[in-house]
Amino acid sequence: MLYINCPHCGMRSQNEFSYGGDASVKRPELNKEVSDQEWDDFVYNRKSLRGKHLELWQHISGCRQWIKVERDTATHEIFRTFKADEEVA
Amino acid sequence: MTQAFRIGNGGLVNRDKKLSFKFNGKTYFGYEGDTLASALLANGVHLVGRSFKYHRPRGFFGAGVDEPYAIVQLYRNGETEPNIKATEQELFEGLEAKSVNCWPSVNFDIGAINNFLKIFLPAGFYYKTFMWPKSFWYRLYEPFIRKAAGLGVASTKHDNERYEHKYEYCDLLIAGSGPSGLSSAYAAAKNGARVILAEDKPRFGGSLLTSDVNIGNQSGKDWADGIIAELKTMPNVVVKNRSQIFGYYDHNMLVMSEKVSDHLPKTKKYHPNKRLWYIRAKEVLISSGSIERPIVFGNNDTPGVMLSSAAKEYLKVYGVLVGKNPLIFTNNDSGYETAIEFKKHGVDPIVLDSRKHSTSEIIDEAKNLGINIKNSYVVVAAQGYKKVKSAEIASISDDKKQLGKIESINCDCICVSGFWTPTIHLASQSGNKTEFKEEIDAFIPGQSKQNETTLGAANGVFSLEETLKTSFATGSELSKKITENDNEIAIPNVVEKKSSQHDKFWCVPLPKGKNYKRFLDFQNDVAVSDVEIALREGYRSIEHVKRYTTLGMATDQGKTSNLNGLQLVSEIENKVVPAVGHTTFRPPYTPVSIGAIVGREVGKHSKPTRKSPMHLWHKKNNAVFVDAGVWLRPRYYKKGNETLFEASKREAKNVRNNVGVCDVTTLGKIDVKGPDAAELLNRVYTNAWLKLPVGKARYGVMLREDGIVMDDGTTTRISENHYHMTTTTAQAANVLSHLEYYLQLVWPELDVNVVSTTEQWAGAAIAGPKSRDLLQKLFPNSDVSNDGLPFMGYMEGNLFGIKAKIFRISFSGELAYEVNVESDHGNFMWEKIIEVGKEFNIQPYGTEALSTLRIEMGHVAGSELDGRTIPYDNALEGLVSKKKDFIGKRSLQRSAFTAENRQRIVGVVPLDKQTSIPEGSHLVKDDKAPLPNPKLGHISASCWSVEYDNPFSLAILKDGKNMIGQKLFAMSPLKNKVIPVEIVSSHYVDPKGERVRS
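Residues numbered from 1 in each chain as written. Chains lettered and ligands numbered in written order. Predicted model: local features only at pLDDT ≥ 70, side-chain atom pairs only at ≥ 80, totals over all residues. Heavy atoms only, no water.

Undergrad: With reference to specific residues and values, describe the sheet that holds strand β21 (residues 377–383) of chain B.
TA: Two modes of strand pairing occur in sheets, parallel and antiparallel, and in both the strands are linked by backbone hydrogen bonds. Residue and element names in this part refer to chain B. Taking strand neighbours across the sheet as the criterion, the three strands line up as β21-β22-β23 in an open arrangement whose pairing is antiparallel. The open sheet terminates on both sides in strands that have one partner only, identified here as β21 and β23 (407–410). For this sheet, the mean angle separating the axes of adjacent strands, direction not counted, is 35°. Relative to strand β22 (residues 390–395), β21 runs antiparallel, the two sharing six bridges. (Pairing = 2+ DSSP bridges. Helix = DSSP H or I, 4+ residues; strand = E, 2+ residues; numbered from the N terminus. Axes fitted to C-alpha atoms, helices over the stretch in contact; angles between N-to-C directions.)

Put into structure tokens, the structure is as follows:
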């Protein structure tokens with residue numbers, strides 16, 4: 001079971017969180033013309049990366065904040081975690 | 001029965017407490033502190049089972065976790081547990097066990113014929129034999145294999161034992177309480193670290209219980225007892241025996257199975273049988289010791305052949321002689337230690353040492369005791385069928401290829417020592433890439449992957465002095481990093497006998513003309529010849545050899561067989577062992593009860609049960625409950641002998657004719673507050689929200705980004721910046737997460753706060769033509785007239801002194817209201833509604849009547865909003881704004897979603913107006929068409945229309961818009977029904993919606 005550093009609560013076990021997918025996906029702005037391809041990329045198309053992956057988790061049984069987690073999908077190593085509004089450099 | 005093989009005194013068992021037990025129906029006696037194995041051996045019982053494939057007689061090979069043979073079926077409290085190792089099961093009064101894998105009995109087993117057919121049962125035998133003809137597989141081969149395979153029999157009864165889970169955190173977790181575990185635990189504890197020390201056996205001390213050493217002027221065992229006693233008094237230390245750490249998972253999470261009452265005849269009322277510990281450790285010290293490995297020779301599986309360390313343990317811990325005429329076969333000094341123990345108890349052993357010359361303190365002691373030692377000698381084969389009677393022995397050449405003249409000598413047991421294999425399982429599970437250590441012919445952990453350190457024999461260090469030194473140092477260092485304390489501890493003096501170099505000899509060659517089976521894996525009956533076949537047939541990778549031959553795949557996971565298997569492959573392939581590599585170690589290290597893994601999460605406990613504040617009233621009034629998500633809801637209120645069908649019809653009719661009340665507490669409720677609340681709703685729902693006035697409710701539909709309907713419900717504007725959102729019972733949690741996602745990640749600029757209030761409010765829906773009259777009586781000071789509280793209106797009221805929220809909303813399609821009060825007052829509200837409603841003939845109604853009412857009105861619910869439909873499919877496209885953007889809008893432009901013949905909700909009535917249509921039935925044009933019959937749609941919900949007194953269903957139908965009036969067939973192969981139906985409008989009752997506005 002992963003041990004995730006919630007930027008709001010500290011180290012917590014994985015069973016307090018729920019997974020939320022790729023954190024690098026950006027929703028197209030409201031009221032903007034979006035091509036089919038662009039929309040499909042936003043809704044459906046995901047890379048299945050091996051290695052470092054920035055992903056979303058929600059601390060659902062804790063502070064309920066959505067956070068960003070930089071994790072290696074092959075080894076489960078977690079490098080860094082970020083608050084929802086933190087820019088990832 | 002007398003315990004003929006129990007020595008006069010000695011051992012650690014409690015001789016004051018005699019216990020009786022049964023094995024294969026026969027009664028025996030043992031002592032408290034025995035294992036089933038030691039008690040059987042004390043009684044001279046060596047035959048405990050039959051082997052997996054050839055049904056050869058099986059005895060005891062080890063004394064603990066490494067035991068490959070002695071697997072029994074255990075009976076306790078009228079329940080049975082399979083695959084119990086007799087070497088691990090502690091004896092208790094009244095224990096009952098039976099042999100497995102034999103029929104009709106362990107003494108006469110018909111399956112043993114396989115032993116004579118063994119030429120037909122080579123490696124890969126399943127793959128080769130049961131292939132053709134294909135049709136034989138299900139009828140013949142599979143049932144046969146299922147019957148032949150496996151050892152114990154799983155119980156078919158409900159397991160009444162209780163199992164618990166526990167989460168724990170610590171600075172240092174230490175696996176194993178031998179010399180290294182004890183010293184590192186002690187050093188860390190003295191530095192104030194939070195320590196958990198786990199020992200799988202009942203007794204602490206590991207090898208110190210059986211080795212002849214002296215630490216700090218005490219015997220090894222006394223020293224261990226002292227350390228444990230002190231550790232137990234320390235508040236920062238948890239010491240656990242009977243606790244096996246069986247898995248090392250990600251991020252230093254380890255799982256341990258603790259036997260809480262496994263050693264007792266009956267579980268105490270509030271004690272679990274086992275407890276599973278999930279332990280998150282900052283540092284893990286693996287001091288799991290080592291397991292002696294066998295030397296391979298002919299018939300080396302005969303009962304009476306066992307590890308020399310096991311023989312020593314039975315003698316020193318249990319006071320039991322495994323034989324009175326022992327032959328010891330060794331390639332190192334450990335065999336001598338066992339010989340010395342025998343000799344000290346008046347038994348004369350013979351030692352065969354494969355080495356030509358060897359001298360050490362231990363050997364000198366053996367010689368001084370007058371023990372008969374034969375150097376350059378080996379056991380060629382054991383003789384005897386159900387028990388060792390003699391051994392064929394021979395001298396062996398220096399290159400270990402040539403055997404001398406074969407002689408036969410009498411013996412009743414053969415104790416084997418082929419040196420030691422470090423127990424590296426946990427380190428390997430952690431991700432540690434192990435490395436081969438030439439000096440000991442075995443793998444040891446390499447570079448740590450997680451925060452694990454392996455110490456002592458598990459790390460290939462067999463000197464006690466060095467083990468203590470490194471273990472004290474490591475325990476102290478690691479804890480210092482965490483606690484910043486540095487208490488110096490004097491390392492005690494160690495007196496141990498020095499050993500000489502072992503012989504890299506592991507397999508006795510076959511003598512000319514002999515064809516003895518030489519087993520590598522004792523539990524799965526894998527012999528040297530099987531591995532040879534696998535290699536001849538081209539299996540090269542050790543992983544393939546393992547699977548083809550089943551070497552190391554049994555419940556003992558090859559604890560005694562792995563290395564010898566690797567030696568053999570390396571020899572045949574002419575590769576060094578590290579080049580062959582070893583198979584992956586996976587958790588669990590030892591078998592774990594399924595019950596322990598499941599814990600308390602069984603049956604009703606597998607998820608929480610939520611009850612409304614009115615639950616007790618429902619119960620008192622004969623409600624029959626149904627699971628709705630995690631909630632229990634009344635399905636109907638039973639009167640007399642009513643069936644579900646009759647009761648729900650009565651309840652629904654009463655709503656249409658008079659007034660009914662339904663508990664709607666379970667609806668999800670979310671408070672949406674803030675200056676941008678309207679803007680959030682406007683983006684989340686498909687319809688417009690910016691102009692909703694205070695005191696008004698609106699029905700809304702929300703989509704996922706892929707255009708599929710996620711949920712629906714009404715949201716009410718309570719005040720300027722405060723909205724009360726409702727969701728369906730099932731989606732409440734998902735909707736909250738959904739809103740939080742957009743507020744925190746996508747539109748953080750919106751100044752809105754959302755919070756679940758589902759449990760804060762109790763709700764009652766009052767529905768029916770007389771509901772307004774009732775409401776007026778409940779709230780005499782409020783104007784609830786059609787003008788004062790119009791459809792979709794909201795007001796606050798005073799319910800006999802309780803603050804209440806009144807919404808004029810309707811799911812039933814009748815004139816209806818929902819009243820909410822704070823949960824604590826829910827029951828008060830309910831009782832008042834029932835009391836005041838009497839004069840209007842009020843009746844409570846359950847979810848079944850609720851469904852009937854909504855279905856015949858054509859209102860959609862979970863069965864239509866099933867994660868596959870868009871607003872159009874549910875006839876909700878009128879709620880989709882063309883002017884503004886919202887979540888999922890862009891997806892609605894997809895061509896499949898705009899197709900002319902898109903599926904759509906319709907009503908379905910059987911032509912005979914009698915036959916109810918099963919939910920899930922498929923709608924087809926031609927009931928006689930060949931399969932696969934093209935499906936046009938499916939029945940999503942069915943009811944008995946109380947308005948028209950005939951069956952009515954809703955369906956999602958292809959091109960539903962143009963299908964009204966068509967005749968189709970509803971087919972349910974599951975219920976074996978074909979029903980001719982007519983397609984009608986989904987709004988079966990009151991299609992203009994006049995009643996809700998009346």
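Moving on, there is more to tell.
Undergrad: Tell me about the side chain of Arg27(A), and please be specific about residues and values.
TA: Inspection of the secondary structure assignment puts Arg27(A) in the loop between β3 (18–22) and α1 (36–43). Classification of Arg27(A) by relative accessible area gives buried; the value is 13%. Looking at Arg27(A), its side chain comes within polar contact range of the side chain of Glu705(B), at 2.3 Å. When near neighbours in sequence (up to four residues on either side) are disregarded, Arg27(A) contacts Trp39(A), Phe42(A), Glu705(B), Tyr742(B), Val746(B), Trp747(B), Phe886(B), Ile887(B) and Gly888(B). (Buried < 20%, exposed > 50% of the residue type's maximum accessible area, 1.4 Å probe, protein only. Polar contact = N/O pair within 3.5 Å; in protein donor to acceptor, adjacent residues only side chain to side chain. Contact = heavy atoms within 4.5 Å.)

Undergrad: Give a detailed account of helix α14 (residues 562–573) of chain B, specifying residues and quantitative values.
TA: It helps to recall that an α-helix has 3.6 residues per turn; residues three or four apart then point in one direction. Residues and elements named next belong to chain B. Along its twelve residues, α14 runs 16 Å from first to last C-alpha, staying within 8% of the 16 Å computed at 1.5 Å per residue. With respect to burial, α14 is a largely interior element, nine of its twelve residues being buried. Elements in contact with the buried residues of α14: β25 (420–422), β27 (442–444), β30 (519–521), α12 (528–536), α13 (542–549) and α15 (577–580). The first or second residue beyond α14 is Asn574, which carries a positive phi of 55°. (Expected span 1.5 Å × (residues − 1).)

Undergrad: Before we move on, could you go through the pairing of strand β8 (residues 163–175) of chain B and cite the residues and values that matter?
TA: All names here are of chain B. Two elements, β8 and strand β15 (residues 274–286), share twelve bridges in a ladder whose sense is parallel. Across the sheet, Glu168 pairs through a bridge with Ile279, a residue of β15. Taken together, the four bridges between β8 and strand β9 (residues 195–198) define a ladder with parallel strand orientation. Within β9, the residue paired with Leu172 across the bridge is Val195.

Undergrad: Just give me the short version of the sheet that holds strand β4 (residues 52–58) of chain A, but keep the residues and values in it.
TA: With antiparallel pairing, the four strands of this open sheet are ordered in space as β3-β4-β5-β6 (chain A). Unpaired on one side and paired on the other, β3 and β6 (78–83) of chain A mark the two borders of the sheet. Averaged over all pairs of adjacent strands, the angle between their axes in this sheet comes to 30°, without regard to strand direction. Strand direction decides the pairing type here: β3(A) and β4(A), joined by four bridges, are antiparallel. Bridged to Tyr19(A) within β4(A) is Trp57(A). Packing against the sheet, helix α20 (residues 732–746) of chain B makes contact with β4 and β5 (66–72) of chain A, and its axis sits at approximately 85° to β5(A).

Undergrad: Describe the environment of Leu680(B), with residues and values.
TA: Residue and element names in this part refer to chain B. Tracing the backbone through its elements, the reader meets Leu680 in helix α19 (residues 677–684). We classify Leu680 as buried; its relative accessible area is 1%. Separated by 259 residues in the primary sequence, Leu680 and Ile939 have C-alpha atoms spaced 35 Å apart. Excluding its chain neighbours within four sequence positions, the residues that come into contact with Leu680 are Val672, Leu743, Leu750, Val752 and Val754.

Undergrad: Requested: an account of the environment of Leu41(B), with residues and values cited.
TA: All names here are of chain B. Topologically, Leu41 is positioned in helix α1 (residues 36–42). For the pair Leu41 and Gly513, spaced 472 residues apart in sequence, the C-alpha to C-alpha distance is 35 Å. For Leu41, the contacting residues outside a window of four places in its chain are Phe5, His46, Phe60, Met306, Tyr314, Val320, Leu321 and Val322.

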